[in-house]
Amino acid sequence: MHKKGKSGLTIFFLGLIIGGIIFGSLAFFITNMRMNALIDEKLGMESEIVTDDSSGSVTLKESTTEKVAQSVTPAVVGIETVSVTKDIFDRESEVGGIGTGFIVDKNGLILTNQHVVSENPKQINVTLKDGRNFDAKVIYSSTTIDLAVIKIDAKNLPVVKLGDSEKINIGQTAIAIGNPMGLTFERTVTQGIISALNRSIAVDSSTIAEDLIQTDASINEGNSGGPLLNLAGEVVGINTYKIQSGEGLGFAIPINIAKPIIEHIKNEGEFVSTVMGIEGVDKEIARYYSEDIDLEKGILIVGVVNGMGADNSGIKENDIITKVNNVEIKNMLHFREQLYYHSPGDKVKVTYERDGKSKTVEVALSKGNN
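In short, a report on the structure.

Thresholds, definitions, all that
- Numbering of residues begins from 1 in every chain and follows the order in which that chain's sequence is written.
- Thresholds applied to this predicted model are a pLDDT of at least 70 for local features of residues and 80 or more for the giving and counting of side-chain atom pairs; totals over whole chains, interfaces and linings are not thresholded and use all residues.
- Heavy atoms throughout the structure, all of them, feed into the side-chain values; hydrogens and water do not.
- Working definition of a nonpolar core: buried Ala, Val, Leu, Ile, Met, Phe, Trp, Tyr and Cys residues. They are joined through side-chain atoms within 4.5 Å.
- Per-residue accessibility, obtained with a 1.4 Å probe over protein chains only, is compared with the maximum for each type, and a residue is labelled buried under 20%, exposed over 50%, and partly exposed between these values.
- Every helix listed is a DSSP run of H or I at least four residues long, and every strand listed is a run of E at least two residues long, numbered separately from the N terminus.
- The contact definition used throughout considers only heavy atoms, calling two residues in contact when any of these lie within 4.5 Å.
- The rule is short: rings of Phe, Tyr and Trp, with Trp giving its six-membered ring, pair when the centres are within 6.5 Å, and they are stacked under 30 degrees, edge-to-face over 60, tilted in between.
- Any Lys or Arg side-chain nitrogen located within 4 Å of an Asp or Glu carboxyl oxygen qualifies as a salt bridge.
- At least two DSSP bridges between two strands are needed for those strands to be called paired.
- Axis lines are fitted to C-alpha atoms, over the contacting stretch for helices. Their N-to-C directions set the angle, which ranges from 0 to 180 degrees.
- As used in this structure description, the phrase polar contact means that two N or O atoms lie within 3.5 Å; if the pair is within protein, one of them must be able to donate a hydrogen and the other to accept it, and residues adjacent in sequence are counted only when both atoms belong to side chains.
- Arc, as used here, means the arc of the directions from the helix axis to the C-beta atoms.

1. Notes on the nonpolar core
Alright, step 1. Core analysis: the largest hydrophobic core is formed by 50 residues, its most contacted members being Leu111, Val126, Leu147, Ile152 and Ile261.
Alright, step 2. Ranked by residue count, the leading element in this core is strand S8 (residues 147-152), at 5 residues.
Alright, step 3. In terms of nonpolar packing, the next biggest core, distinct from the first, is built from 18 residues, Met276, Ile315, Val348 and Val350 among them.

2. Re the environment of Asp135
Alright, step 1. Mapped onto the fold, Asp135 is located in strand S7 (residues 133-142).
Alright, step 2. Residue class for Asp135 comes out exposed when judged on its relative accessible area of 57%.
Alright, step 3. Remark: the alpha-carbon pair of Asp135 and Ile124, spanning 11 residues in sequence, is separated by 5.8 Å.
Alright, step 4. The contact partners of Asp135, leaving out residues within four places of it in the chain, are Gln123, Ile124, Asn125, Lys151 and Ile152.

3. Let's talk about the packing of aromatic side chains
Alright, step 1. One pass over the structure, following the stated rule, counts 2 aromatic pairs.
Alright, step 2. Ring centres 5.2 Å apart and planes at 65 degrees place the aromatic pair Phe271 and Tyr340 in the edge-to-face group. In this pair, Phe271 is assigned in the loop between helix H4 (259-268) and strand S16 (274-275) and Tyr340 in helix H7 (residues 332-340), connecting sequence segments 69 residues apart.
Alright, step 3. Overall, Phe271 belongs to the buried group, its relative accessible area being 7%.
Alright, step 4. A relative accessible area of 4% means that Tyr340 is categorised as buried.
Alright, step 5. Here the aromatic cluster, defined as three or more aromatic residues joined through ring pairs, consists of Tyr140, Phe271 and Tyr340.

4. What to know about the pattern of salt bridges
Alright, step 1. Evaluated as defined, the whole model comprises 7 salt bridges.
Alright, step 2. With a shortest N-O distance of 3.4 Å, Lys297 and Glu353 are connected by a salt bridge. Here the residue Lys297 occupies a position in the loop between helix H5 (283-289) and strand S18 (299-304), and Glu353 occupies one in strand S21 (residues 347-354), the gap between them amounting to 56 residues.

5. Some points on the sheet that holds strand S4 (residues 92-105)
Alright, step 1. The strand order around the closed barrel formed by 6 strands is S3-S4-S5-S8-S7-S6, and the pairing between neighbours is antiparallel. Each strand of the sheet is rotated relative to its neighbour by a mean of 40 degrees, with strand direction disregarded.
Alright, step 2. Pairing between strand S5 (residues 109-112) and S8: 4 bridges, direction antiparallel. Residue pairing for S8: Leu111 is matched across the bridge by Val149.

6. Digging into the side chain of Asn230
Alright, step 1. Mapped onto the elements of the fold, Asn230 is located in the loop between strand S13 (227-229) and strand S14 (234-242).
Alright, step 2. A polar contact is formed between the side chain of Asn230 and the backbone nitrogen of Glu234, at a distance of 2.9 Å.

7. Concerning H4
Alright, step 1. Listing the buried residues of H4 in full gives Pro260, Ile261, Ile262, His264 and Ile265.
Alright, step 2. Each element contacted by the buried residues of H4 is listed here: S4, S5, S7, S8, strand S9 (161-162) and H7.

8. Examining the environment of Gly250
Alright, step 1. Relative to the assigned elements, Gly250 resides in strand S15 (residues 250-254).
Alright, step 2. For Gly250, a relative accessible area of 4% gives the class buried.
Alright, step 3. For Gly250 and Thr215, which are 35 residues apart along the polypeptide, the C-alpha to C-alpha distance reads 5.2 Å.
Alright, step 4. Sequence-distant contacts of Gly250, defined by excluding residues within four places in its chain, comprise Ile213, Gln214, Thr215, Ile219, Tyr241 and Lys242.

9. Quick notes on helix H2 (residues 65-72)
Alright, step 1. Of all the residues in H2, the buried ones are Val68, Ala69 and Val72. For H2, the angular spread of buried residues about the axis comes to 95 degrees, placing them on one side.

10. Points about the environment of Gly131
Alright, step 1. In this fold, Gly131 is placed in the loop between strand S6 (121-127) and S7.
Alright, step 2. Measuring from C-alpha to C-alpha, the distance between Gly131 and Val77 comes to 9.9 Å, with 54 residues separating the pair along the chain.

Structural data, given as structure tokens:
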């Protein structure tokens, strides 16, 4: 009886140990699966492709550069231009240029940089991935934000999916696609990260490009006008500049500024920019004006045009605009974006601060220069 009891006790403890091992293994396996699922969800790695039938665009949920490249490159185009310039003796000459663009509408609208299409293009030729070539015409062009929309006569084209540049974060993966050094290296794909946000750089002695996305994804001459993408295959920026004296210093225009422009062109056939008659600076630029300026939010008004909307509504120099139509304003590009959703003659609600007090007024918008 004693031996049997001892043997039964041993079997009991062995059962507990084996059961514990099995339970622990199952718990580890389940926990590991849940952790992987959470990581996959965070990174967008569901290995699923979702098609937006209304626009023909494709959104990826698999976070691999390969999948992004496969989806987006058909909508990336090469742009060759011929422009006319004059020398000091007023003699004309033709200059060629090469850049990149991407299709934003299946009926032929293409977004690129203004400096790609130039100020006075004599000819614009667009090359698609399938080898077809088209002449293009300029629908909209702005030196202020270095954006241009051109159009080719084609239907049922592949298009990109536009993301939200307000939702990108420093450190997240960035993918650039373009034609560095010309069409010989067309649709080159490079990868890096978002290095910084709201950067402002001097383009030349008279032009400052504001509120740019900084990336270390390789961007070279010819990449201008190409898309900067997130891991979902969404365009978050338009590649535009590179600091020649440094490595890994590329810059892109946030895509959100282009959204109202594209929307107007699709709906009305054209885009007319709007202004309220102020000159403003945001936090990034304010420090160039004075070290005494402590601007934590909004934009500081440094000039008001007599007789225009802002002046007529009582807005003055040194006021700080914090909201437009109840949308908080983060920088100058964001401010322009909110105005661009409207047409000349429209009125917007503008909230501003003066001497620590907040006030909201209606401001009439006027036609801008570009």
